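Chain by chain, the residues run as shown.
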Amino acid sequence: MHKVQNNHLRCRKNAFQISFIYFISALLWIVISDYAVGLVIENSDKIVLVEIYKGIFFVSATTIILYFLTYRFFRTMQSQYDANLEHIAKHKKAKESLIDSKSELSKYDTLLNTIVNSSPDAIYAKDLDGKYILFNEAAAKMVHADVQDVLGKSDEEIFDVEDAIKVKIADRATMRSAEISTTEHTLTMKDGSLKTVLATKGALVDEKNNIFGIFGISRDITNQKEHEHFLEESREKFYNLSHIDKVTKLPNRLHISEVLVEKCSQKVPFCLILLDLDEFKIVNDSYGHRFGDKLLYEISKVLVEVFDSSAFIARMGGDEFAIALNQSDKKEIEALMQKLHHKFDSPFTIDMIDIYITASSGISIYPDDVKSMEEMYQAADTAMYNAKRLGKNSFSFYSSKLKKEAVEYTQMVTSLKQAIKNSELELYFQPQNEAESGKIVGVEALLRWKHKDKMISPDVFIPLAERSGLIVEIGDFVLRSAFKTVKKWHEMGILWGRVAINMSARQLTHLNLINTLKNMLKESGCEASWIELEITESSVLENPELVISLLEELRGIGFYISMDDFGTGYSSLSYLKNLPINKLKIDRSFIMNIRDEPKNQIIVKTVIFLAKELGIHILAEGVETEEERSFLLLNKIDSIQGYYYAKPMPMKDMEKLLQE
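Just so it is clear, the model here is predicted, and its values are computed rather than measured.

Focus: the overall build of the protein
Here's step 1: A count of helical and extended segments in the protein gives 22 helices and 22 strands.
Here's step 2: Per-residue burial for the protein yields a buried fraction of 40% across its 660 residues.
Here's step 3: Taking all contacts inside the protein whose residues are at least 6 apart in sequence as the whole, residues at least 24 apart take part in 61%.
Here's step 4: Of the accessible surface of the protein, which amounts to about 39,200 Å², a share of 56% is contributed by carbon and sulfur atoms.

The following block contains the structure:
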């Protein structure tokens, strides 16, 4: 308004100035021109004519002046008009642009709100006072509140006070650093529930680089963390199941195998001790597996006590343990082993029962003996079996000699497998004679192996077959061959007694033994009553209840049962009264030079008396001299087997002897 008034005053002033100048100029023109004309011209007619010309000139001059003034005025007005039109056009365009911008802004605002509120993550922003200026639907859902109830409020009104203080401190640190950061934290809601969130935060900065607040994007990872915790627990349980022995709580075979691989890769000398408990199966069979497990646990405690914390001790399975020691000096290892074996001199007390048990150990040293984990196991195992072969309750270091023996063992096992296929095995027979008359009352089938034109002693290949597991296959060969031979001899009418066949402990407890025997009888046409099955007292002691039940079933089929090598064990008498057997065979170790062994005489007399009282046939094996025969005959032995009558012989020779 004030500007418009100034413009009006300026216009009046300019108009007055122009008019005043025009008035003075015209007045001067009239006065001066009239005065000049009067001075110059005296004739009145000429004066009138000059006056006319002067008037025409004045009009013409003022017309020209007026033209330029009006031209300038209209030009100025036109320019102002054009400028106004242009301004109006620009204003209109700006207004239209503003309308379009508002429309676009509205679209973007709607789009932004849609995106923000559709996000599964909590999106929010706070001003410098910590008041929420943005809070999306996901954020509201996370804190169990409405969006409108949160806007304008601070963290203290939403979260637990302590958590709110922590959030405020973190927000200040984020704004000070002016950097975007991601943190994980747990918040306590007002309803007491806990939420674990992964929050990404950063400062809000305007175009002048001034901070005016803070924004945040938070994801509720409570379920994820619970799942991760479950997976971690499951992983730990699986690791324990796959790496920890649940009986002793020691690492297991897999675990120590991984350790050995790692140690071998480090190229640092160390040793592996494989320890196997002697006769542990007897403890299990006598007292039960729970008792055995308790004993294993006590032994594990002894191992931990003897070896320092740097040793890695594991249970390999069954009654076998392994110890990885960071030592390679044999004297130091020997000292530790002696300390360990000294611990086994004292009994282990389990459920108020004292148990004495011993252990055999094999030791291999890296890199002197072996170069890998597999070789280490093999070498220590070879040394351990050597310790057992030497009498158990000892330890043995691996050596090149043992390696040679192991190679020979492997070759022998291979040859024995091939012997079954190549028909290198055959049956020999030895007669069993009545003590009084010397008449043949039975025959024992004995296995022989002829390999490369050389007879291999049964004392060599039978233990080999037992150890390698071939004994069942070989035993089946013996049974099948013997059944066919017995059938043949009965058809020939030359055999009036039974043929005795040795049964190994592993054969005896084989799952398919009964069915196997029935099938063999059917295939061969042999009668069960023609066969005497010999068992050893050691096979009975391994599992007395099972063996007794099995023997009763075999007798039910019709087989005659005898116990071989009687007297060489240490618990037979306790089972003798319950064993369903028909015959006892006194081991030759009691028969040799019996005339010079008073104690053996007492044992043999006692066994004969017991057998007679129990109604069991009694046979002495390994009889070679007349003195031995006469002593046995004097003490009422039932039958005799040994070189005194005949050595084991091939089938054809036996047939000739039976035909005599």
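Continuing now.
Some points on the packing of aromatic side chains
Here's step 1: Scanning the model with the defined rule gives 10 aromatic pairs in all.
Here's step 2: On the numbers, 5.5 Å between centres and 35 degrees between planes, the contact of F270 with Y366 is tilted. Taken as a pair, F270 in strand 6 (residues 270-277) and Y366 in strand 11 (residues 359-366) lie far apart in primary sequence, 96 residues in all.
Here's step 3: Overall, Y366 belongs to the buried group, its relative accessible area being 3%.
Here's step 4: Arranged with centres 5.0 Å apart and planes meeting at 90 degrees, the rings of Y644 and Y645 form a pair that is edge-to-face.
Here's step 5: We classify Y644 as partly exposed; its relative accessible area is 29%.
Here's step 6: The structure contains a cluster of three or more aromatic residues connected by ring pairs, namely Y124, Y132 and F135.
Here's step 7: Against the face of Y377 rests R253, its NZ or CZ located 4.9 Å from the ring centre.

As for the sheet that holds strand 6
Here's step 1: Reading across the sheet, the five strands line up as 7-8-6-11-12 and stay open at both edges, with mixed pairing between neighbours. Of all the strands in the sheet, the pair left with one neighbour each is strand 7 (312-317) and strand 12 (395-397). Across the sheet, the mean angle separating the axes of adjacent strands is 20 degrees when strand polarity is ignored.
Here's step 2: Pairing analysis gives five bridges linking strand 7 to strand 8 (residues 320-325), with the strands arranged antiparallel. Of the residues in strand 8, the one forming a bridge with A314 is A322.
Here's step 3: Relative to the sheet, helix 11 (residues 373-389) contacts strand 6, strand 7, strand 8, strand 11 and strand 12, its axis offset from that of strand 11 by approximately 145 degrees.

Thoughts on the side chain of T485
Here's step 1: If you trace the backbone, T485 turns up in helix 14 (residues 471-492).
Here's step 2: A distance of 2.9 Å separates a polar atom in the side chain of T485 from the backbone oxygen of S481.
Here's step 3: Among all residues touching T485, those that are not within four sequence positions of it are F429 and M651.

Structural notes on unusual backbone geometry
Here's step 1: A cis amide bond, omega 0 degrees, links Y366 with the succeeding residue P367.
Here's step 2: Notably, K636 is not glycine yet its phi reads approximately 65 degrees, a positive angle.
Here's step 3: By secondary structure assignment, the location of K636 is in the loop between helix 21 (626-634) and strand 21 (639-641).
Here's step 4: Here K636 falls in the exposed class, since its relative accessible area comes to 57%.

Section: helix 13 (residues 458-468)
Here's step 1: Restricting attention to buried positions, one finds in helix 13 the residues F461, L464 and A465. Looking down the long axis of helix 13, one finds its buried residues gathered within 100 degrees of arc, a one-sided arrangement.
Here's step 2: Buried positions along helix 13 lie against helix 12 (400-421), strand 14 (440-451), strand 15 (454-456) and helix 14.
Here's step 3: Between the side-chain oxygen at the start of helix 13 and the backbone nitrogen of D459 there is a gap of 3.1 Å, and the oxygen is on S457.
Here's step 4: The positive-phi residue at the C-terminal boundary of helix 13 is G469, with phi of around 90 degrees.

With respect to the sheet that holds strand 2 (residues 132-135)
Here's step 1: What the five strands build is an open sheet, ordered 2-1-5-4-3; its pairing is antiparallel. Edge strands, defined here as strands with exactly one partner in the open sheet, are strand 2 and strand 3 (181-188). Sheet twist, expressed as the average angle between the axes of neighbouring strands with direction ignored, equals 25 degrees.
Here's step 2: Of the pairings in the sheet, the one linking strand 3 to strand 4 (residues 194-205) comprises eight bridges and is antiparallel in character. Bridge pairing links L187 to K195 in strand 4.
Here's step 3: Sheet strands touched by helix 5 (residues 161-177): strand 1 (122-127), strand 3, strand 4 and strand 5 (211-220). Its angle to strand 4, the strand with the most contacts, is close to 30 degrees.
Here's step 4: Its contacts with the sheet place helix 6 (residues 222-243) against strand 3, strand 4 and strand 5, and it is angled at close to 130 degrees to strand 4.

Considering the nonpolar core
Here's step 1: If you look at the biggest cluster of nonpolar residues, it comprises 77 residues, and the most contacted ones within it are F483, L554, F559 and L584.
Here's step 2: Looking at this core, the element that brings in the most residues is helix 14, giving nine residues.
Here's step 3: Leaving out residues up to four positions away in the same chain, F483 has contacts with I501, L517, M520, L521, S524, C526, I531 and F559.

Brief notes about the side chain of D155
Here's step 1: Position of D155 relative to the elements: it lies in the loop between helix 4 (147-150) and helix 5.
Here's step 2: Under the relative-accessibility criterion, D155 is labelled buried at 5%.
Here's step 3: At 2.9 Å, the side chain of D155 forms a polar contact with the side chain of K126.
Here's step 4: Setting aside residues no more than four positions away along its own chain, D155 makes contact with K126, G130, Y132, A164, V167 and D171.

Digging into the packing of helix 14 against helix 22 (residues 651-659)
Here's step 1: Packing of helix 14 against helix 22 brings their axes to within 12 Å, and their N-to-C directions diverge by 30 degrees. When the axis of helix 14 is compared with that of helix 22, the two are roughly parallel. The interaxial crossing formed by helix 14 with helix 22 has right-handed handedness. Residues T485, K488, W489 and M492 of helix 14 form the contact with helix 22, whose own contacting residues are M651, M654, E655, L658 and Q659.

Notes on a nonpolar patch on the surface
Here's step 1: Together, F16, F20, I21, F23, I24, L27, L28, I30, V31 and I32 give the surface a local cluster of nonpolar side chains, amounting to about 980 Å² of exposed area.
Here's step 2: Mapped onto the secondary structure, F23 falls in helix 1 (residues 2-40).

Quick word on the pattern of salt bridges
Here's step 1: Overall, the coordinates contain 26 salt bridges when judged by the stated rule.
Here's step 2: For K225, the salt bridge identified is with E228, shortest N-O distance 3.2 Å. Taken together, the residues K225 and E228, both in helix 6 and three residues apart, mark about one turn of the helix.
Here's step 3: By relative accessible area, which is 36% here, E228 ends up partly exposed.

Details of the environment of R480
Here's step 1: Among the structural elements, R480 can be located in helix 14.
Here's step 2: Linking R480 and L521, residues 41 residues apart in sequence, is a C-alpha distance of 8.4 Å.
Here's step 3: Excluding residues within four positions of it along the chain, R480 makes contact with M520 and E523.

Looking at the confidence of the model for the protein
Here's step 1: Of all residues in the protein, 89% attain a pLDDT of 70 or more, and the chain-wide mean is 85.
Here's step 2: Per-element confidence in the protein ranges from a low mean pLDDT of 61 for helix 19 (residues 572-576) to a high of 96 for strand 21.

Calculation rules
Residues numbered from 1 in each chain as written. Predicted model: local features only at pLDDT ≥ 70, side-chain atom pairs only at ≥ 80, totals over all residues. Heavy atoms only, no water. Helix = DSSP H or I, 4+ residues; strand = E, 2+ residues; numbered from the N terminus. Buried < 20%, exposed > 50% of the residue type's maximum accessible area, 1.4 Å probe, protein only. Contact = heavy atoms within 4.5 Å. Areas by Shrake-Rupley, 256 points an atom, 1.4 Å probe, with all protein chains shown as cover. Phe/Tyr/Trp six-rings, centres within 6.5 Å; stacked < 30°, edge-to-face > 60°. Lys NZ or Arg CZ within 6 Å of the ring centre and 35° of its normal. Pairing = 2+ DSSP bridges. Axes fitted to C-alpha atoms, helices over the stretch in contact; angles between N-to-C directions. Polar contact = N/O pair within 3.5 Å; in protein donor to acceptor, adjacent residues only side chain to side chain. Arc of directions from axis to C-beta. Core = buried A, V, L, I, M, F, W, Y, C linked by side-chain atoms within 4.5 Å. Parallel < 35°, antiparallel > 145°, perpendicular 65-115°, else oblique. Left-handed = near helix turned anticlockwise from the far one by under 90°. Patch = residues over 30% accessible without salt bridge, like charges linked within 9 Å, V, L, I, M, F, W, Y side chains within 5 Å. Salt bridge = Lys/Arg side-chain N within 4 Å of Asp/Glu carboxyl O. pLDDT = per-residue confidence, 0-100.

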